[in-house]
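Summary of structural features
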Number of protein chains: 2
Amino acid sequence: VEWRDGTLLILDQTGLPGRSERLAATTPTEVAAAIRQLRVRGADAIGIAAAYAMVLAALEPAAEDDPRGHVERWAVALTAVRPTAVHLSRAVRRVLAAIPADAWERRDRRAAAALAAARAIEAEDRAMSGRIARAGAKLLAAATAVVTHCNTGRLATAGDGTALAPIYLLAKRGHGLRVYACETRPLLQGARLTAWELAQAGIDVVQIVDGAAASVLARGMAQAVIVGADRIAGNGDVANKVGTYPLALAARAHGVPFYVAAPASTFDPAAAAGAAIPLEERDPEEVTSFLGRRVAPHGVAAFNPAFDITPADLVTAFVTDRGVIRPPYPGRLPADPPAGSQAG
Amino acid sequence: VEWRDGTLLILDQTGLPGRSERLAATTPTEVAAAIRQLRVRGADAIGIAAAYAMVLAALEPAAEDDPRGHVERWAVALTAVRPTAVHLSRAVRRVLAAIPADAWERRDRRAAAALAAARAIEAEDRAMSGRIARAGAKLLAAATAVVTHCNTGRLATAGDGTALAPIYLLAKRGHGLRVYACETRPLLQGARLTAWELAQAGIDVVQIVDGAAASVLARGMAQAVIVGADRIAGNGDVANKVGTYPLALAARAHGVPFYVAAPASTFDPAAAAGAAIPLEERDPEEVTSFLGRRVAPHGVAAFNPAFDITPADLVTAFVTDRGVIRPPYPGRLPADPPAGSQAG
């Protein structure tokens, strides 16, 4: 996403790798739709997009009568669009909190304050990526291949990503890792996005169906699994894209380390354990159809949880912008999100 | 598949559920192509198709000069088409062995003997299905929902199938189970075939992506997993469609029984353990494309093992046509395939 003169430009990820188009959103309604339709996705990226949507809300003519009420209603509405990743609610609350009480009545002042907060969220996200990269690179120093799931790279964050950031850094240092990218059904973020961005960067990427990841680990073809996270509970349970949990079970079965790369803003001590994290269920149509083509017979139902919970005891270590965190996790996980992000 | 006057009629499963077309094969070459392209698939069904292909080989004009050599070469060629399921090699060897030495020089006699053996393989397969159904129904008597993978029903065998046979029997008895059908990437046999045949039979089927099966088990939504097998080693290790092994790991993690339904002909004591079973690797294009549409960027590699190995210690019980077999498996698994099937 890129903010340019009152417009949020969003690379439409649903068209990748075939089409590379940018949407120009000028209202929070358009940004919310883009988030709902996964045109912008990835825990960090939707947080950033929602922060800029708050700026657009502050600028809307509809805000004139009751600016604070209008923007606060948008904070609630944006949070509801995708409930699992904690970044979205944190970002909108942080933007809200950044608008001084005496700035609300002036369109230019409230928008400027919101924009400064949104820019800060984006800048911090870019910086966290570099710190995760350096921490993760040490853990992967001896590996020749890793398995990853979904997309956690340049398309999912403002920087080089979370789980993919160490891989980009190692490549830059001349240590080229092979990445087995789980395709990540139903929406194929691994195939369409991870394979695309890694291939663009010249990194050796091998695509696999999600069900083949356990075979890759059983055959000793990879020395680590590294994934991102949408929310991490106080006890270390991890909500991430559906298919992450079986990957963690397979890693455990073969003694392969399972790393979760995420910035401090992903840790949510308000959720004591995984059971407290809301797991979004999406349209069954995502499972029964693909690219407009029906794959299941008409009338067949589908269950489509977008995320699953990986219990903390399967996580070898968290790779964060505050360094590597190893078990026992209670008391060691980030409890204080970045400056201001829990205010409001 | 259906034999009719020198022609093997094959329901083309690659078109399901949209198109339901039959191929008419009159040469072993055509049958081999249909097996390779998965127009006919399922361990039992490809064994039956290969047996009839041997009849077509015995009938070919090309067989006239050296009938025995010609048909034996076809036995080797058919076995090589899909190496993992043991049924294919067993079936062709059994047909070979059924042709008396003095019958080879007479086209009508060698073809009649081959046809009798092929018909026997088909009839035995139909009978095994009923026996597996009865054994499995007892194990699933208390369940309200099960998870299955790939397709192991009426499309995969001559009868009601292996893993799906108990479900059909229970439904007939008024005990309707819900079936969570893993879609089974890359070729979506679960979505296209299992969902289709269960829905046709009025059975409650809910489709899931393969990565969501662990979530179904973690949430307590199913009380058993039941799958088929392509080959079972002497120690009980199971070769089955890729994605079976992570499903077994998830079942174990949640204390859900993991059943493997297979006739005695699937057990191969010649393979001491799973490592001795050849695992077919298929065209990477199956992974990088989805229903004929490219999903990964051009040039991205894929690893496409068609099967995986589930270690015996994850199998709660085998459901066979000789009853339910529980651990310890050594010495308890069928070592003698059906009459004549190992001769030749």
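You'll find the structure just up there.
Right, let's walk through the structure included here. Quick caveat, the model's predicted, so the values are computed rather than measured.

1. Observations regarding the relation of the copies chain A and chain B
Taken as rigid bodies, chain A and chain B are interconverted by a rotation of 180 degrees and an axial shift of 0.0 Å, the fit giving an RMSD of 0.2 Å. Both chain copies can therefore be described as sitting about a two-fold axis. A high fraction, 100%, of the interface residues of chain A reappear at the interface in chain B, so the copies pair face to face through one surface.

2. Here's the deal with the packing of aromatic side chains
Residues and elements named next belong to chain A. Scanning the entire structure with this criterion turns up six aromatic pairs over all chains. Here Phe 267 and Phe 318 contribute two aromatic rings whose centre-to-centre distance is 5.4 Å and whose plane-to-plane angle is 70 degrees, an arrangement assigned as edge-to-face. In this pair, Phe 267 is assigned in strand S11 (residues 267-268) and Phe 318 in strand S16 (residues 317-320), connecting sequence segments 51 residues apart. Residues Phe 267 and Phe 318 agree in their burial class; the two are buried. Aromatic pair Phe 318 and Tyr 329: ring centres 4.8 Å apart, planes at 65 degrees, arrangement edge-to-face. One end of the pair, Phe 318, is in strand S16; the other, Tyr 329, is in the segment after strand S17 (323-325), with 11 residues separating them in the sequence.

3. Things to note about the interface of chain A and chain B
Each partner contributes to the interface: chain A provides 48 residues, whereas chain B provides 48 residues. Buried surface at the junction of chain A and chain B, summed over both partners, amounts to about 3800 Å²; 69% is from carbon and sulfur atoms. Of all residues in chain A, A:Gln207, A:Val295 and A:Phe303 give up the largest surface area on contact with chain B, accounting jointly for 17% of the area buried on that side. Our count for the contact surface shared by chain A and chain B stands at four salt bridges. One salt bridge connects B:Arg185 with A:Glu183, and the closest N-O pair in it is separated by 2.6 Å. Our count for the contact surface shared by chain A and chain B stands at 14 residue pairs in polar contact (both at pLDDT 80 or more).

Scoring rules and cut-offs
- Residues numbered from 1 in each chain as written.
- Chains lettered and ligands numbered in written order.
- Predicted model: local features only at pLDDT ≥ 70, side-chain atom pairs only at ≥ 80, totals over all residues.
- Heavy atoms only, no water.
- Least-squares fit on C-alpha atoms with pLDDT ≥ 70 in both.
- Contact = heavy atoms within 4.5 Å.
- Phe/Tyr/Trp six-rings, centres within 6.5 Å; stacked < 30°, edge-to-face > 60°.
- Helix = DSSP H or I, 4+ residues; strand = E, 2+ residues; numbered from the N terminus.
- Buried < 20%, exposed > 50% of the residue type's maximum accessible area, 1.4 Å probe, protein only.
- Buried area = accessible area lost by both parts, 1.4 Å probe.
- Salt bridge = Lys/Arg side-chain N within 4 Å of Asp/Glu carboxyl O.
- Polar contact = N/O pair within 3.5 Å; in protein donor to acceptor, adjacent residues only side chain to side chain.

Don't take any of this as a statement about function, it's just geometry.
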